[in-house]
Amino acid sequence: MIRAMLYRFGSFELDTARVELRDNGEPRPVERQVFALLALLVDNRERLVSKDEILEKVWDGRIVSEAAVASRVKSARQALGDDGKTQRFIKTIHRQGFRFVADVSAVRDAQPADESTSPPTEPAAPTARPSIAVLPFTLIGEAGPYAAIADALPHELISELSRLRWLFVTARGSSFRLRAANADMGEVGRLLGVRYCLSGTVEVAGSSLAVTVELVDTRDGGIVWADRFAGSIDAVHSIRTEIRSRILVALEIQIPMHEASLARLTVTENLDAWSAYHLGLQHMYRFNRKDNAAAAALFSHAVARDPGFARAHAGLSFVHFQSAFLRNTDDLAKEIALARRHAERGVDLDPLDPFVNFTMGRTFWLEGDLDGSLGWLERSTSISPNYAQGIYARGWTEALAGRGLDARSHVDLAMQLSPLDPLYYGMLGTRAFTHMTLAEDAEAAQWAERAARSPGAHVLIAMIATAAQAMAGDEVRAAAWAANVRTRNAGLTREDFFRSFPMKSEAVRARVSNALARFGF
């Protein structure tokens with residue numbers, strides 16, 4: 001069954017399925033070419049439509065006179081009670097083309113006239129996993145040759161978001177039909193069956209470019225996240241890349257956080273697999289025994305509800321890795337085996353999910369296989385080039401392998417992409433370690449201090465701070481961090497440290513070992 005759109009503006013309705021223009025519900029007769037011109041302008045109302053495009057789409061590319069085009073524009077205006085002087089609906093852009101300038105809402109799918117007796121079609125049902133529609137951005141100002149960015153940027157976002165296997169992304173062909181400066185996000189959610197909608201504006205003023213984006217929960221209209229980006233129009237390509245990267249990283253963090261906060265409002269026994277998974281993430285990133293156990297229980301609940309849920313298996317791999325990595329277990333071999341088993345199951349279920357590949361790569365750390373780890377982490381970041389945690393883990397693996405400069409490049413990118421990441425302390429610790437591998441002891445101590453003081457930093461980060469301060473010659477700070485380690489886990493030894501951080505360079509390992517030994521480890 002062919003579906004089309006119904007547009008409303010002022011007292012008018014443009015029904016593209018019935019090929020009908022109505023004023024206050026009453027049909028207004030228009031020639032078919034005039035209707036086609038109106039539909040073209042309304043459907044592309046966020047931009048100028050050139051005369052060449054009008055000729056191509058209304059006249060099928062046939063050569064006609066300028067007078068013919070002007071005649072159809074005049075007829076379209078007359079049908080709307082408009083004229084060339086007031087231009088309330090159709091604005092002429094001198095020597096360039098035309099724009100439809102009235103406020104428009106796409107209120108529902110229109111139904112063809114010959115199907116009027118068919119049962120009404122229900123709105124699309126929301127998917128079990130989070131779903132999003134990215135609308136074309138609204139252009140403010142005269143952008144000239146840069147006008148395309150209002151469509152190009154959201155189009156690129158759709159392509160990149162579609163690579164995130166945990167997120168259902170509405171295709172451009174559907175979301176770009178709902179082009180409106182003041183779109184009703186609840187209506188967008190109903191029409192497209194999505195939980196979230198990303199919209200934005202592109203404003204050009206002289207040589208300045210500003211892009212504002214907003215993520216809305218279509219269920220209640222609440223703003224989940226918003227941000228603004230600005231720069232020079234001459235740097236449009238670098239700005240575009242930065243905006244795309246930062247938005248992708250923000251959505252990776254903000255959507256799961258929002259889903260988790262909603263899940264808390266649900267009685268635990270009634271949690272579905274997705275809600276349980278997101279609640280598990282909240283516990284997983286607190287890096288202590290109690291929360292790690294809570295995360296494991298919630299991920300197990302998610303797997304029980306949906307055995308094919310790849311990310312829940314990856315979550316289980318993460319918590320078992322954590323138990324082994326932090327030595328929070330009496331059966332190390334069992335935790336390592338469980339971390340690998342759940343990672344493998346996740347890869348079997350969804351080999352293209354970056355988080356699944358990330359957890360698989362980290363399991364190789366536990367065996368000291370840095371080359372094996374790096375292969376999976378490189379795969380994770382090739383699947384999702386803006387996946388900050390994967391980029392960080394890749395940098396950490398490179399640091400352990402003695403590739404300090406490569407590691408620094410990757411960890412700096414990870415921190416730039418995700419400055420509020422729950423693993424940010426680990427990124428800082430990795431930056432410290434890149435300096436340790438290059439014998440830059442003063443810089444290593446500064447970064448290690450920042451890492452150990454960061455929210456969520458686990459006890460092994462404090463051991464890195466101990467070693468870094470000792471190598472930098474600050475005995476007081478080294479002793480303070482050594483005391484911090486013993487307060488949190490009195491049984492940790494140098495052997496535990498090197499099992500968690502299997503360094504390839506014997507020289508670096510010896511320096512770190514000597515530093516830790518001086519403080520009783």
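None of the values given here were measured: they were computed from a predicted structure.

Asks: A description of the sheet that holds strand S5 (residues 49-50) should follow, citing residues and the corresponding values.
Replies: With antiparallel pairing, the 3 strands of this open sheet are ordered in space as S5-S7-S6. Each edge of the open sheet carries a strand with a single partner, namely S5 and strand S6 (90-93). One ladder, built from 4 bridges, connects S6 with strand S7 (residues 97-100); its direction is antiparallel. Across the sheet, the residue bridging to Ile90 is Phe100, located in S7. Packed on one face of the sheet, helix H1 (residues 32-43) meets S5, S6 and S7 and runs near 70 degrees to S7.

Asks: Lay out the pattern of salt bridges with the relevant residues and their values.
Replies: Overall, the coordinates contain 27 salt bridges when judged by the stated rule. A salt bridge links Arg403 to Glu398; the nearest nitrogen and oxygen atoms lie 3.5 Å apart. For Arg403, a relative accessible area of 35% translates into the label partly exposed. Accessibility expressed as a relative area gives 1% for Glu398, which makes it buried. Look at the salt bridges and you will find they share partners, linking Arg8, Glu13, Asp15, Glu20 and Arg22 into a network.

Asks: Summarise helix H6 (residues 185-192); cite the residues concerned and give the values.
Replies: One turn of the α-helix equals 3.6 residues, which is why residues spaced by three or four share an orientation. Burial in H6 covers these residues: Met185, Val188, Gly189, Leu191 and Leu192. End-on view of H6: buried residues confined to an arc of 165 degrees, all on one side of the axis. A distance of 2.9 Å separates the backbone nitrogen of Gly186 from a side-chain oxygen at the start of H6, and that oxygen is part of Asp184. Backbone geometry just after H6 places Gly193 at a positive phi near 70 degrees.

Asks: Could you give an account of the confidence of the model for the protein chain, naming the residues involved and the relevant values?
Replies: Confidence in the prediction of the protein chain, expressed as mean pLDDT, is 85, and 93% of residues score 70 or more. No element of the protein chain has a lower mean pLDDT than strand S8 (residues 105-110), at 60, and none a higher one than helix H18 (residues 459-472), at 96. Below pLDDT 50 for its whole length, residues 109-127 participates in 37 contacts with residues either more than four positions away or in separate chains.

Asks: An account of the layout of surface pockets is requested, with residue identities and associated values reported.
Replies: By volume, the largest pocket is sized at about 490 Å³. At the level of elements, helix H7 (236-263), helix H8 (273-284), helix H14 (388-400) and helix H16 (424-437) are the ones that each hand at least two residues to the lining of the largest pocket. The biggest single contributor to the lining of the largest pocket is H7, with 5 residues. In terms of residue class, the lining of the largest pocket is made up of 15 nonpolar, 5 polar and 4 charged. In this structure, the second largest pocket spans a volume of roughly 410 Å³. Those elements that place two or more of their residues in the lining of the second largest pocket are S6, strand S10 (138-140) and helix H4 (149-161).

Asks: Give me empty space enclosed by the protein: which residues, what numbers.
Replies: Here the structure, examined in full by the defined rule, presents 2 cavities of 30 Å³ or more. Reported here for the largest cavity is a volume of approximately 170 Å³. Around the largest cavity, the lining comprises 18 residues; the ones closest to its centre are Phe325, Arg362, Tyr392, Tyr425 and His458. Looking at the lining of the largest cavity, the elements with two or more residues in it are helix H10 (310-325), H14, H16 and H18. Tallied by class, the residues present in the lining of the largest cavity amount to 12 nonpolar, 5 polar and 1 charged. Here the second largest cavity is characterised by a volume of approximately 50 Å³.

Asks: Outline the packing of aromatic side chains, listing residues and values.
Replies: Going through the model one piece at a time under the given rule, you end up with 22 aromatic pairs. Look at Trp396 and Phe501: their rings are 5.0 Å apart centre to centre, the planes differ by 85 degrees, and that puts the pair in the edge-to-face class. Of this pair, Trp396 sits in helix H14 while Phe501 sits in the loop between helix H20 (494-500) and helix H21 (506-517); the two residues are 105 residues apart in sequence, bridging distant segments of the chain. We note that Trp396, like Phe501, is buried. Ring pairs connect the aromatic residues Phe321, Phe325, Trp365, Trp396, Phe433, Phe497, Phe498 and Phe501, which therefore count as one cluster.

Asks: How would you sum up the environment of Glu26? Please name residues and give values.
Replies: Within the secondary structure layout, Glu26 lies in strand S4 (residues 26-28). Judged by its relative accessible area of 54%, Glu26 is exposed. As a C-alpha pair, Glu26 and Phe9 span 17 residues in sequence and 14 Å in three-dimensional space.

Asks: Break down the packing of H4 against H7 for me, citing the residues and quoting the values.
Replies: Contact geometry of H4 with H7 gives a least axis separation of 10 Å together with a crossing angle of 40 degrees. Classed by the angle they form, the pair H4 and H7 counts as oblique. When the axes of H4 and H7 are compared, the crossing they make is right-handed. Here Ile149, Leu153, Glu156, Leu157, Glu160 and Leu161 of H4 lie close against H7, whose contacting residues are Val236, Arg240, Ile243, Arg244, Ile247, Leu248 and Leu251. Its residues assigned to classes, the contact of H4 with H7 comprises 9 nonpolar, no polar and 4 charged.

Rules behind the numbers
- Residues numbered from 1 in each chain as written.
- Predicted model: local features only at pLDDT ≥ 70, side-chain atom pairs only at ≥ 80, totals over all residues.
- Heavy atoms only, no water.
- Pairing = 2+ DSSP bridges.
- Helix = DSSP H or I, 4+ residues; strand = E, 2+ residues; numbered from the N terminus.
- Contact = heavy atoms within 4.5 Å.
- Axes fitted to C-alpha atoms, helices over the stretch in contact; angles between N-to-C directions.
- Salt bridge = Lys/Arg side-chain N within 4 Å of Asp/Glu carboxyl O.
- Buried < 20%, exposed > 50% of the residue type's maximum accessible area, 1.4 Å probe, protein only.
- Arc of directions from axis to C-beta.
- Polar contact = N/O pair within 3.5 Å; in protein donor to acceptor, adjacent residues only side chain to side chain.
- pLDDT = per-residue confidence, 0-100.
- 1 Å grid on protein atoms, 1.4 Å probe; cavity = no way out; pocket = protein on both sides within 12 Å on 5 of 7 lines; lining within 4 Å.
- Points joined across faces, edges and corners; volume = space filled by probe spheres on them.
- Nonpolar A, V, L, I, M, F, W, Y, C, P; charged D, E, K, R; others polar.
- Phe/Tyr/Trp six-rings, centres within 6.5 Å; stacked < 30°, edge-to-face > 60°.
- Parallel < 35°, antiparallel > 145°, perpendicular 65-115°, else oblique.
- Left-handed = near helix turned anticlockwise from the far one by under 90°.

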